[in-house]
Amino acid sequence: MITANNLLLMLITGLLAGILGAVLGIGGGMIVTPILTVAMGLDIKYAIGASIIVVIATSSGATISFLKDEMLNLRVAMFLEIATTIGAVSGAALNGVIPKAILYILFGLLVLNSSYTMIKKLLGKTKDATTQAVQGDTLAQKLRLDGSYYDKATKKEVNYQVQNVPGGFLMMLVAGLASGLLGIGSGAFKVIAMDNIMKMPLKPSSATSNLMMGVTAAASATVYFFNGTIVPHIAVPLSVGVVFGAMLGSRIMQHLRPKVIRIIFIPILLYLGLQMILKGFGVNI
Amino acid sequence: MNKQEMNEIELIIGKILRIGVIISVAVMIIGLLMLMIEGNGGYSANQFPTSFKAIGQGLLALKPDAVLMLGVFLLILTPVLRVVVSIYAFFKEHDYLYTYITTFVLIILLGAMIAGYWIGR
């Protein structure tokens, strides 16, 4: 039975996960799962079911305002969605072929390596907000992936070019595999693919990741819905909180300087990477 | 296609998506209010409806948990709605490459969701 206290706790947890998820373009499962399992003593099985719904709620809540403010890149999203959905389906099909412990460690190392790249980017001289004068990528031009957005923090229209499309596509396959196999990293890997590999600015990367992760999560959500691992008394108050949090977060994000977003992102990535590697060794945090 | 047309597409998708999200959140809030008022979900402890049939019957009996599950299901459908509307919007803007790309995404997505239904039920 649900108590008024639990209900409030889940609404607030959802609200915070939604804000953070919308700002960073991540699913928020890694924030919600520890609270549900450690603080509320819920079985990990039900926590995973709730996380899937939280990802969809973050995505849908954030996408509303990102679309209105033209922050996200719809072509990049749809093109890369081919890779994430194929990855997610293959991941689900491959379930059990490779031991999960090894997968957790491999994906964890990949996340840690990406946070190292992010730190280098933060300390480096290349500024996020300014337009980089790079030569166009022919594949990106053929697919018309280049875009622009209005940065409310610097009050400037930022035009950007997308690079290394095959590399980004490959990373999105990995992102799909990770979420299909382990149900994790739904957004983090997508931001990494766009920001680190395809050299998109951080804000449209985060906004586009928000749009995409809902589609990827929906692909695997029906299994959890029909096998009873999505518990309504938990998933619903969380989702309501998340939707409002994500709507708020997507507004906050647009006023933050890209550097600030990156400073929040790096410890979250380090935490995610560590969480995954520890899980590989059988430690849940 | 220029940027202005792309922005129009995004506005159309944004509007329809907003309606979808509002509906699913409204159903969930109604369900939560019913749960608070009645004090229980209308099912025995740790039980809740997970099949279309059980949810439908629960809705007719005005059981809170059935309303909550309907809200969750509607929320799961919102990303599908986003893809469907994108296909229409790209098609309307004569962007056939992206009409195909997005249709392909929809096919994989629906395939995965239907497979999930058969595996999960």
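Residues numbered from 1 in each chain as written. Chains lettered and ligands numbered in written order. Predicted model: local features only at pLDDT ≥ 70, side-chain atom pairs only at ≥ 80, totals over all residues. Heavy atoms only, no water.

### A look at the pairing of strand β1 (residues 147-151) of chain A
Residues and elements named next belong to chain A. In terms of residue burial, β1 counts as a mostly covered element, since four of its five residues are buried. One ladder, built from five bridges, connects β1 with strand β2 (residues 156-160); its direction is antiparallel. Bridging across to β2, S148 finds its partner in N159. Counting the residues in the hairpin turn of β1 and β2 gives four residues, including K155, whose phi is positive at 55 degrees. (Buried < 20%, exposed > 50% of the residue type's maximum accessible area, 1.4 Å probe, protein only. Helix = DSSP H or I, 4+ residues; strand = E, 2+ residues; numbered from the N terminus. Pairing = 2+ DSSP bridges.)

### Quick look at the UniProt feature "transmembrane region" (unreviewed entry) in chain B
If you check UniProt for "transmembrane region" (unreviewed entry), the listed places come out as residues 12-37, 66-90 and 97-119 of chain B in our numbering. A helix fraction of 100% and a strand fraction of 0% characterise residues 97-119 of chain B, whose end C-alpha atoms lie 33 Å from each other. (UniProt positions renumbered as here; feature names shortened; annotations may be inferred.)

### So, a positive patch on the surface
Residues K68 and R251 of chain A together with K15 and R18 of chain B make up a contiguous surface patch of positive charge. Residue K68 of chain A is classed as partly exposed on the basis of its relative accessible area of 39%. (Patch = residues over 30% accessible without salt bridge, like charges linked within 9 Å, V, L, I, M, F, W, Y side chains within 5 Å. Areas by Shrake-Rupley, 256 points an atom, 1.4 Å probe, with all protein chains shown as cover. Salt bridge = Lys/Arg side-chain N within 4 Å of Asp/Glu carboxyl O. Lys, Arg positive; Asp, Glu negative; His and termini not counted. Charge placed at Lys NZ, Arg CZ, Asp CG, Glu CD.)

### Some thoughts on the interface of chain B and chain A
Interfaces are often described in size by the accessible area the parts lose on coming together. Counting residues at the interface gives 54 residues for chain B and 52 residues for chain A. Summed over both partners, the interface of chain B with chain A comes to about 4,800 Å²; 78% of that surface belongs to carbon and sulfur atoms. Among the residues chain B hides against chain A, the three largest losses belong to E10, R82 and Y98 of chain B. Together they make up 13% of the total. Inspection of the chain B/chain A interface yields two salt bridges. D95 of chain B is the partner of R144 of chain A in a salt bridge, and the nearest nitrogen-oxygen pair spans 3.0 Å. Counting the contacts that link chain B with chain A gives 10 residue pairs in polar contact (both at pLDDT 80 or more). If you list the elements that add at least two residues to the side of chain B that touches chain A, you get α1 (3-38), α2 (52-60), α3 (64-92) and α4 (96-120) of chain B. In terms of residue count, α1 of chain B provides more of the side of chain B that touches chain A than any other element does, 17 residues in total. (Contact = heavy atoms within 4.5 Å. Buried area = accessible area lost by both parts, 1.4 Å probe. Polar contact = N/O pair within 3.5 Å; in protein donor to acceptor, adjacent residues only side chain to side chain.)

### Thoughts on a nonpolar patch on the surface
The grouping of L15 and F244 of chain A together with I29, L33, M36 and I37 of chain B at the surface amounts to a nonpolar patch, some 560 Å² of accessible area in total. It is α1 of chain B that contributes the most residues to the nonpolar patch, four residues altogether. Assignment of secondary structure puts L33 of chain B in helix α1.

### A look at the packing of helix α5 (residues 100-123) of chain A against helix α7 (residues 165-182) of chain A
Residue and element names in this part refer to chain A. One way to put it is that α5 packs onto α7 with a least axis distance of 11 Å and a crossing angle of 140 degrees. Between α5 and α7, the angle is such that the two are oblique. Here α5 runs over α7; the crossing is left-handed. Between α5, through K100, L103, Y104, F107 and L110, and α7, the contact on the second element is made entirely by M171, V174, L177, A178, L181 and L182. Taken together, the residues of the contact of α5 with α7 sort by class into 10 nonpolar, no polar and one charged. (Axes fitted to C-alpha atoms, helices over the stretch in contact; angles between N-to-C directions. Parallel < 35°, antiparallel > 145°, perpendicular 65-115°, else oblique. Left-handed = near helix turned anticlockwise from the far one by under 90°. Nonpolar A, V, L, I, M, F, W, Y, C, P; charged D, E, K, R; others polar.)

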